[in-house]
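# Chains, contacts and geometry: an overview
Take a look at the letters that make up each chain.
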Amino acid sequence: MAHKGDLVVIGISVGLALGILIASLIFFGIWWYKKRSNLQQCSNESTLPTVPIRMNGLGTSNDFSASLASSVTIRGSEHSQKSSPVSSWWNHHSKDQFASASGILRYSYKDIQKATQKFTTVLGQGSFGPVYKAVMPTGEVLAVKVLASNSKQGGKEFQTEISLLGRLHHRNLVNLLGYCVDKGSHMLIYQFMSNGSLANHLYNDEERFLSWEERLQIALDISHGIEYLHEGAVPPVIHRDLKSANILLDQSMRAKVADFGLSNEEVFDEHTSGLKDRLNPKCSTLVVSFAPSFKAGMSPDGVDEILDKKLVGECNIEEVRDLAAIAHKCLQKFQRKRPSIGEVSQAILKIKQRLLDREMSREFSRVLSRIEDQQVELSRMASRKDGD
Ligand SMILES: Nc1ncnc2c1ncn2[C@@H]1O[C@H](COP(=O)(O)OP(=O)(O)OP(=O)(O)O)[C@@H](O)[C@H]1O
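Here's a quick rundown of the structure. No experiment lies behind these values; they were computed from the predicted model shown.

## Remarks on the environment of Gly139
Position of Gly139 relative to the elements: it lies in the loop between strand E5 (130–135) and strand E6 (141–146). Placed 24 residues apart in sequence, Gly139 and Ala115 show a C-alpha to C-alpha distance of 9.7 Å.

Pasting the structure below:
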């Protein structure tokens, strides 16, 4: 017969064992429940929309899709995404489901028709098709590029522009804000650039004169935009149609690079030489800023001959020469002799810094001379008072 003390020990042990078992069951139950609800949440998120589709220019619909995410490479994301062909999303996903993971909104044909007053607000005409100004019911002003139905490369360009611009965001690039695929029309919707193209400002005498300071800033803006395309985008993007018509100016005359219709990611070949033809687009970056007729092979000393006549006497010729020297380097025949776009930006920044220093010392001497004038005036008043 068991001893009374033994029974107590056995009872406590059994109790402890049961307690541990129950605690483990509770712990396991909570863990399992949490895991299950996490999994459920993840599967819900993967089918959930990332971006609302705007309908009628007002609200948002519940028609969402994350489908583009697989075909769009966002900076810092896995390189493997690059292998998704641009056209695959177009062929394999319903148009109604398409929405970009990068915040591009979808508009209906009716929205755009209304916002462009039945397509009467023409801003210009490019090889892609006409561009219209659109005022949305919210007051937002946009630029709508309509893909001409007879455009040869239009369909492909349209796909390229959406997939490229959807993932490229920089203050010196004209951002794609939306698109419209409706009633057989394809449209791209961009931020509106109220001061139009740089080409217009350079070649149209009726446009306001661009000062040297503004031109230098425009060159810097362009080089920053291109630097982002070459060195910030993954994979890098080469514009391939960089010209003053594709540089647009905002209300503060700050420049943004536009029109990626001819951009082509295929120029990047990571297995061979990296960026093929790496520096070609850089050549035109600076040239537009001061001399419409700058030519390859021209010495930077010849800059006086090609300087925009409107700038003569209105700029610091040393700064002009320095900028010409950078442009000249960009036009070198051999690629290895040309600077990288990062070097170009740095070089322009230095010129801008000198310009700012010059402006500051000019302002300083202006203030000094004002103080001197006041001192003279004060001593004159003091001597007059002494005379009284
Ligand atoms: N986002 C915008 N904001 C304001 N105006 C614009 C905008 N985009 C284009 N435009 C105007 O529409 C015109 C045509 O633009 P588009 O980009 O279609 O052609 P392009 O660049 O002039 O020529 P191409 O297509 O041959 O390169 C531009 O010159 C500009 O005046």
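More follows now that the structure is in view.
## Re the site of the ligand
Near the ligand lie 18 residues; those nearest to it are Ser127, Gln191, Met193, Lys243 and Asn246. At 3.1 Å, a side-chain N or O of Lys243 approaches an oxygen atom of the ligand. With the chains in place, 85% of the 600 Å² that the ligand exposes on its own is no longer accessible. Secondary structure elements with two or more residues in the shell around the ligand: strand E4 (122–125), E6 and strand E8 (185–191). Within the shell around the ligand, the residues separate by chemical class into eight nonpolar, six polar and four charged.

## A word on the packing of aromatic side chains
Evaluated as defined, the whole model comprises two aromatic pairs. Where Phe119 meets Tyr132, the ring centres are 5.3 Å apart and the plane angle is 70 degrees; that geometry is what we call edge-to-face. With Phe119 in the loop between helix H3 (109–115) and E4 and Tyr132 in strand E5, this pair connects stretches of sequence that are 13 residues apart. Tyr132 carries the same exposure label as Phe119, and that label is buried. An aromatic cluster of at least three residues, connected via ring pairs, comprises Tyr109, Phe119 and Tyr132. Stacked on the ring of Phe334, the Lys or Arg Arg336 has its end atom at 5.6 Å from the ring centre.

## Focus: the nonpolar core
Formed by 37 residues in total, the largest nonpolar core has its most connected members in Trp212, Ile222 and Ile348. Where this core is concerned, the elements lending two or more residues are helix H5 (198–203), helix H6 (212–232), strand E9 (247–249), strand E10 (255–257), helix H8 (303–306), helix H9 (317–330) and helix H10 (341–387).

Procedures and definitions
Every chain is numbered independently, its residues counted from 1 as its sequence is written. Given that this is a predicted model, residues contribute local features only at a pLDDT of at least 70 and side-chain atom pairs are listed and counted only at 80 or more, while totals for whole chains, interfaces and linings are drawn from all residues. Only hydrogens and water are set aside; all other atoms, that is, all heavy atoms of the structure, feed into the side-chain values. The way it works is that DSSP assigns letters per residue, a run of H or I at least four long becomes a helix, a run of E at least two long becomes a strand, and they are numbered from the N terminus. Think of it this way: one heavy atom of a residue within 4 Å of a molecule or strand is enough to make that residue near it. Polar contacts, as counted here, are pairs of nitrogen or oxygen atoms within 3.5 Å of one another; within protein the pair requires one atom able to donate a hydrogen and one able to accept it, and residues that are adjacent in sequence qualify only if both atoms are side-chain atoms. Throughout, the Shrake-Rupley method with a 1.4 Å probe supplies accessible areas, and for residues the shown protein chains are the sole cover considered. Three classes are used, and their members are as follows: Ala, Val, Leu, Ile, Met, Phe, Trp, Tyr, Cys and Pro are nonpolar, Asp, Glu, Lys and Arg are charged, and the others, Gly among them, are polar. Pairing of aromatic side chains requires ring centres within 6.5 Å, counting the rings of Phe and Tyr and the six-membered ring of Trp. Pairs whose planes differ by under 30 degrees are stacked, by over 60 edge-to-face, and all others tilted. Partly exposed describes any residue whose relative accessible area lies between the buried limit of under 20% and the exposed limit of over 50%, with all areas from a 1.4 Å probe on protein chains only and scaled to the type maximum. Lysine NZ or arginine CZ positioned within 6 Å of the ring centre and within 35 degrees of the ring normal marks a charge as sitting over the ring. In plain words, nonpolar cores are sets of buried Ala, Val, Leu, Ile, Met, Phe, Trp, Tyr and Cys residues tied together by side-chain atoms within 4.5 Å.

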